[in-house]
Amino acid sequence: MTLLHVEDLNAFYGDFQALFGVGLAVGEGECIAVIGSNGAGKSTFLRSVAGLHRARSAKRLSFAGKEIGTMAASEVAAFGMTLVPEGRRLFSSLTVEENLTIGRSAGRSGYWNLARVYELFPALPELARRPVTRLSGGQQQMVAVGRALMTNPTLLLCDEISLGLAPVVVKGMYENFRRVRGQGTALVVVEQDIGQALSVADRIYCLRRGAIALSGRPAEFTRDQIAAAYFGVAEA
Ligand code: ATP
């Protein structure tokens, strides 16, 4: 069954149009990667879908069979779709555990709770009472993902979680996503790193200048075809 169905999505910043007729579908438990260079519209896409960017219109924006185009972000989260935003957006005055616990406000129960998040990220329990400002970038990203998992999402949207992190930390994060998927959660990951995206995704969408330039299963394309869609250069 299709979990997220986006058809003809357009998004704006004032008079500036950032997305042009974007269509995308995510099936239950699927992992989708949205790739594209700086400014291609990846964050705008995720934020529009999650109800955080409201200057947008779509022919269809439905999640789990329900129209979500008019819902606020908090309603969308309560319905089972949660965004891990670019730059993490943690509450800087709060501790690790307080940030994690905020995920409970979505009011959804399920597999993920504090104990399971701590088990997924064994580095976090000993940091539980520490303000998040005193964590490394990688630790902060664990808290951001953990907080999102605490909402027990059926679809987790991740905006460039590898940005600024050491390769070994990124590798660990993506390994954890396998376990997240094992619990039946579908994923949309936004990445600038094509290699990372191809290694995890069932299907990819490449955004260029706000429009879908290529979509399909990674095996359907050569690296050159993907690079051509990504950079907008002619194929050799
Ligand atoms: P990045 O990888 O740099 O985060 P992105 O693919 O996520 O890029 P967006 O951040 O969605 O791209 O930006 C898409 C377009 O919208 C860009 O041209 C950007 O300059 C513009 N844009 C983004 N945020 C704003 C804003 N707050 N006001 C005006 N224009 C914006």
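**Topic: the environment of Arg54**
- Tracing the backbone shows Arg54 in the loop between helix H1 (42-49) and strand S4 (56-57).
- For the pair Arg54 and Ala72, spaced 18 residues apart in sequence, the C-alpha separation works out to 8.6 Å.
- Ignoring sequence-local partners within four residues, the contact set of Arg54 consists of Gly69, Thr70, Met71 and Ala72.
- Separated by 3.2 Å, the side chain of Arg54 and the backbone oxygen of Thr70 make a polar contact.

**Quick notes on the side chain of Arg203**
- Positionally, Arg203 belongs in strand S10 (residues 203-208).
- Within the structure, the side chain of Arg203 is placed 2.9 Å from the side chain of Tyr205, a separation counted as a polar contact.
- When sequence neighbours within four positions are dropped, the list of residues in contact with Arg203 reads Ala25, Val26, Glu30, Cys31, Ile32, Ala33, Gly216, Arg217 and Pro218.

**Brief notes about the pattern of salt bridges**
- Evaluated as defined, the whole model comprises six salt bridges.
- For the salt bridge of Glu7 with Lys59, the shortest nitrogen-to-oxygen distance reads 3.9 Å. Highlighted residues: Glu7 in strand S1 (residues 2-13) and Lys59 in the loop between S4 and strand S5 (60-63), separated in sequence by 52 residues.
- Taking relative accessible area as the criterion, Lys59 reaches 63% and is therefore assigned exposed.

**Digging into the sheet that holds strand S11 (residues 211-216)**
- Strand order in this open sheet of six strands is S7-S8-S9-S3-S10-S11, and the pairing throughout is mixed. Both outer strands of the open sheet, strand S7 (81-84) and S11, are each paired with one neighbouring strand and no more. Strand-to-strand twist across the sheet, computed as the mean angle between neighbouring axes with direction ignored, equals 15°.
- Sheet analysis places strand S3 (residues 31-35) next to strand S9 (residues 186-191), joined by five bridges and oriented parallel. If you follow Cys31 over to S9, its bridge partner there is Leu187.
- Sheet contacts for helix H5 (residues 137-149): S7 and strand S8 (155-159); angle to S7, the most-contacted strand, approximately 170°.
- Packing of helix H8 (residues 223-231) onto the sheet brings it into contact with S3, S10 and S11, and relative to S10 it is tilted by some 35°.

**Topic: the packing of aromatic side chains**
- Under the counting rule described, the total for this entry stands at four aromatic pairs.
- Here the aromatic rings of Tyr111 and Trp112 are separated by 4.9 Å at their centres, their planes lie at 85°, and the arrangement is edge-to-face.
- Residue placement shows Arg116 over the ring face of Tyr111; its charged tip is 4.0 Å from the ring centre.

**Observations regarding the packing of H5 against helix H6 (residues 167-182)**
- Remark: H5 packs on H6, axes separated minimally by 11 Å, with the N-to-C direction vectors making an angle of 15°. The pairing of H5 with H6 is recorded here as roughly parallel in orientation. The interaxial crossing formed by H5 with H6 has right-handed handedness. Residues Gly138, Gln141, Met142, Val145 and Leu149 of H5 pack against Val169, Met173, Phe177 and Val180 of H6.
- For the contact of H5 with H6, the residue count by class is seven nonpolar, two polar and no charged.

**Overview of H6**
- In this model H6 runs 23 Å from its N-terminal to its C-terminal C-alpha over 16 residues, within 8% of the 22 Å that 1.5 Å per residue would give.
- Along H6, the residues that are buried comprise Val170, Met173, Tyr174, Asn176, Phe177 and Val180. Down the axis of H6, the buried side of the element spans an arc of 160°, and every buried residue falls inside it. Counted as exposed and oriented over 90 degrees from the buried face of H6: Val168, Lys171, Arg178 and Gly182.
- Those residues of H6 that are buried are in contact with helix H4 (114-120), H5, S8, S9 and helix H7 (194-200).
- One or two steps after H6, the chain reaches Gly184, where phi turns positive at roughly 90°.

**Examining the pairing of S9**
- Of all six residues making up S9, six are buried, and the element is well covered by its neighbours.
- Side-chain alternation along S9 places Ala186, Val188 and Val190 on one buried face and Leu187, Val189 and Glu191 on a second face that is also buried.
- Summarising the sheet, S8 and S9 pair through five bridges and their orientation is parallel. Within the sheet, the bridge partner assigned to Asp159 lies in S9 and is Val190.
- As a crossover connection, the stretch from S8 through H6 into S9 is right-handed.

About the cut-offs
- Residues numbered from 1 in each chain as written.
- Predicted model: local features only at pLDDT ≥ 70, side-chain atom pairs only at ≥ 80, totals over all residues.
- Heavy atoms only, no water.
- Helix = DSSP H or I, 4+ residues; strand = E, 2+ residues; numbered from the N terminus.
- Contact = heavy atoms within 4.5 Å.
- Polar contact = N/O pair within 3.5 Å; in protein donor to acceptor, adjacent residues only side chain to side chain.
- Salt bridge = Lys/Arg side-chain N within 4 Å of Asp/Glu carboxyl O.
- Buried < 20%, exposed > 50% of the residue type's maximum accessible area, 1.4 Å probe, protein only.
- Pairing = 2+ DSSP bridges.
- Axes fitted to C-alpha atoms, helices over the stretch in contact; angles between N-to-C directions.
- Phe/Tyr/Trp six-rings, centres within 6.5 Å; stacked < 30°, edge-to-face > 60°.
- Lys NZ or Arg CZ within 6 Å of the ring centre and 35° of its normal.
- Parallel < 35°, antiparallel > 145°, perpendicular 65-115°, else oblique.
- Left-handed = near helix turned anticlockwise from the far one by under 90°.
- Nonpolar A, V, L, I, M, F, W, Y, C, P; charged D, E, K, R; others polar.
- Expected span 1.5 Å × (residues − 1).
- Arc of directions from axis to C-beta.
- Right-handed = clockwise from strand over helix to strand, strands pointing away.

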